[in-house]
Each structure stands twice: as C-alpha cells, then as structure tokens.
Amino acid sequence: MDAVRIIAASRRGLAEANTVQGVIVEAWQAQALAEAVGSHLAIFGPYEVRSRARGLGDAGGRSSGGLLCPASVTGGGLRAAQLSEVRDAKAALTGLCLLLREVCEALVAVVLLADEDGMYWTCVEAMDTVDEARDRVAGILEKLEVRDRNPA
C-alpha cells in the first residue's frame, strides 16, 4: 500500500482516538510509520535524500520502542507493515510531518491528563522522539525542494 494512504488512515485513527490508550496506540502507529517511510526512502528514494531518510528510519525505530504498546492492543497490527511503496515522496513526507505534529499535540493532551509518573515520562520521551522524526522529515523535504529548484 502507498505511504500517502497509510498516513491518511493514521491521521483518521488519531482523530478518532478518544481514550488515553487510543492516543498511545496511534502514537505508536505513527512512530512505526516514520521508521518504515524512512527505511523505504533510504533504499528506494531519490539519491539526494537517502542518508537523511536512513536517519529518519533510525529515529522512528528508536521512538517506537519508547511507547510500551503491545501488538495485541493495536487490534489490526501495524499499519506500517502494509507499506509497499512511496509513489510521491513529497506528498508522503508532507503528510507524515503533519501526522507527527498531530501526534505531538495529542500526546500533550495525554501528558496533561496523566495521573502516574510512568505515563507522564513515557509521553514526554515519545514527544521528544516524534519531534526529532518531524525535524528529519522537514530536512528531507528541504533537500527535495533544493533538488527540484536546481535540476541537473
């Protein structure tokens, strides 16, 4: 499945999450998706962005371990596992950047409601790593814009 479709499904899932656990699951899904998109672009993406994409894959992988969310909680498993192609890298990265911003906003709401230290610090760490992934996505988008302005 194309990255843009999976990102759209993740945005819908996050918007529909109405419990703390639901937000945690969707944050976990988004982090796994950042890892998958980064890893895919590191191999198949434009040459100019492959090293940055590898960094995104690494950042997404670090963060998906930060939220303790068993696979059984996600119901249908990881959406990122369905990723088979990135047809439009710019559209996928723009959507991913938006999704990661929305995840951060949702995690802030969870942090404000957290009644235990473990949940609070887990969400704070997740926000940090999601921000790192979002910064890496922005860097890849910048590289693509430079490439498009200066064709060889």
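Residues numbered from 1 in each chain as written. Predicted model: local features only at pLDDT ≥ 70, side-chain atom pairs only at ≥ 80, totals over all residues. Heavy atoms only, no water.

*Asks:* What's the story with the side chain of His40 in this structure? I'm lost.
*Replies:* By secondary structure assignment, the location of His40 is in helix 2 (residues 20-44). Other than its neighbours up to four places away in sequence, His40 contacts Gly45, Leu83, Ser84, Glu85 and Val86. (Helix = DSSP H or I, 4+ residues; strand = E, 2+ residues; numbered from the N terminus. Contact = heavy atoms within 4.5 Å.)

*Asks:* Explain helix 5 (residues 117-149) here, please?
*Replies:* An α-helix turns once per 3.6 residues; consequently, residues spaced three or four apart project the same way. Its 33 residues give helix 5 an end-to-end C-alpha distance of 48 Å, which sits within 8% of 48 Å, the value for a rise of 1.5 Å per residue. Buried within helix 5 are the following residues: Cys123, Val124, Ala126, Met127, Thr129, Val130, Ala133, Val137, Gly139, Ile140, Leu141 and Leu144. (Expected span 1.5 Å × (residues − 1). Buried < 20%, exposed > 50% of the residue type's maximum accessible area, 1.4 Å probe, protein only.)

*Asks:* Sorry, what's going on with the packing of aromatic side chains here?
*Replies:* Where two aromatic rings form a pair, the distance of their centres and the angle of their planes describe that pair. If you walk through the whole model with that rule in mind, you get 1 aromatic pair. Taken together, a centroid distance of 4.8 Å and an interplanar angle of 90 degrees make the contact between Tyr120 and Trp121 edge-to-face. Residue Tyr120 is classed as partly exposed on the basis of its relative accessible area, which comes to 32%. (Phe/Tyr/Trp six-rings, centres within 6.5 Å; stacked < 30°, edge-to-face > 60°.)

*Asks:* Can you help me understand the packing of helix 2 against helix 4 (residues 89-113) in this one?
*Replies:* Working note: a packed helix pair is described by the angle between its axes plus the distance between those axes. Direction vectors running N to C along helix 2 and helix 4 enclose 150 degrees, while the axes themselves pass 10 Å from each other. The angle between helix 2 and helix 4 falls in the class roughly antiparallel. For the pair helix 2 and helix 4, the crossing hand works out as left-handed. Contacts between helix 2 and helix 4 involve Val20, Val23, Ile24, Ala27, Ala30, Leu33, Ala34, Val37 and Leu41 from the former and Ala89, Leu93, Leu96, Leu99, Leu100, Val103, Ala106, Leu107 and Val110 from the latter. Per-class residue counts for the contact of helix 2 with helix 4 are 18 nonpolar, no polar and no charged. (Axes fitted to C-alpha atoms, helices over the stretch in contact; angles between N-to-C directions. Parallel < 35°, antiparallel > 145°, perpendicular 65-115°, else oblique. Left-handed = near helix turned anticlockwise from the far one by under 90°. Nonpolar A, V, L, I, M, F, W, Y, C, P; charged D, E, K, R; others polar.)

*Asks:* Can you walk me through a nonpolar patch on the surface in this structure?
*Replies:* Residues Val20, Val108, Leu112 and Leu113 make up a contiguous nonpolar surface patch of roughly 390 Å² in combined accessible area. Examining the composition of the nonpolar patch, we find that 3 residues originate from one element, helix 4, more than from any other. (Patch = residues over 30% accessible without salt bridge, like charges linked within 9 Å, V, L, I, M, F, W, Y side chains within 5 Å. Areas by Shrake-Rupley, 256 points an atom, 1.4 Å probe, with all protein chains shown as cover. Salt bridge = Lys/Arg side-chain N within 4 Å of Asp/Glu carboxyl O.)

*Asks:* Is there a simple way to think about the nonpolar core in this case?
*Replies:* In globular proteins that are soluble, nonpolar side chains generally tend to be buried together. One finds Val37, Leu56, Leu93, Leu96, Leu99, Val103 and Leu107 to be the most contacted residues of the largest nonpolar core, which totals 43 residues. Among the secondary structure elements, those contributing two or more residues to this core are helix 1 (3-16), helix 2, helix 3 (50-64), helix 4 and helix 5. At 12 residues, the largest contribution of residues to this core is made by helix 4. In contact with Val37, other than residues within four places in its own chain, are Ala3, Leu83, Leu93 and Leu96. (Core = buried A, V, L, I, M, F, W, Y, C linked by side-chain atoms within 4.5 Å.)

*Asks:* Just checking my understanding: could you explain the pattern of salt bridges for this structure?
*Replies:* Working definition: two side chains of opposite charge can pair if their charged atoms are close together. Per the counting criterion, the structure on display carries 9 salt bridges. With a shortest N-O distance of 2.6 Å, Lys90 and Asp148 are connected by a salt bridge. Taken together, the residues Lys90 in helix 4 and Asp148 in helix 5 connect sequence positions 58 residues apart. Given a relative accessible area of 32%, Lys90 falls into the partly exposed group. Among the salt bridges present, the one from Asp148 reaches Arg147, with a minimum N-O distance of 3.1 Å. Arg147 gets classed as partly exposed once you look at its relative accessible area, which sits at 29%.

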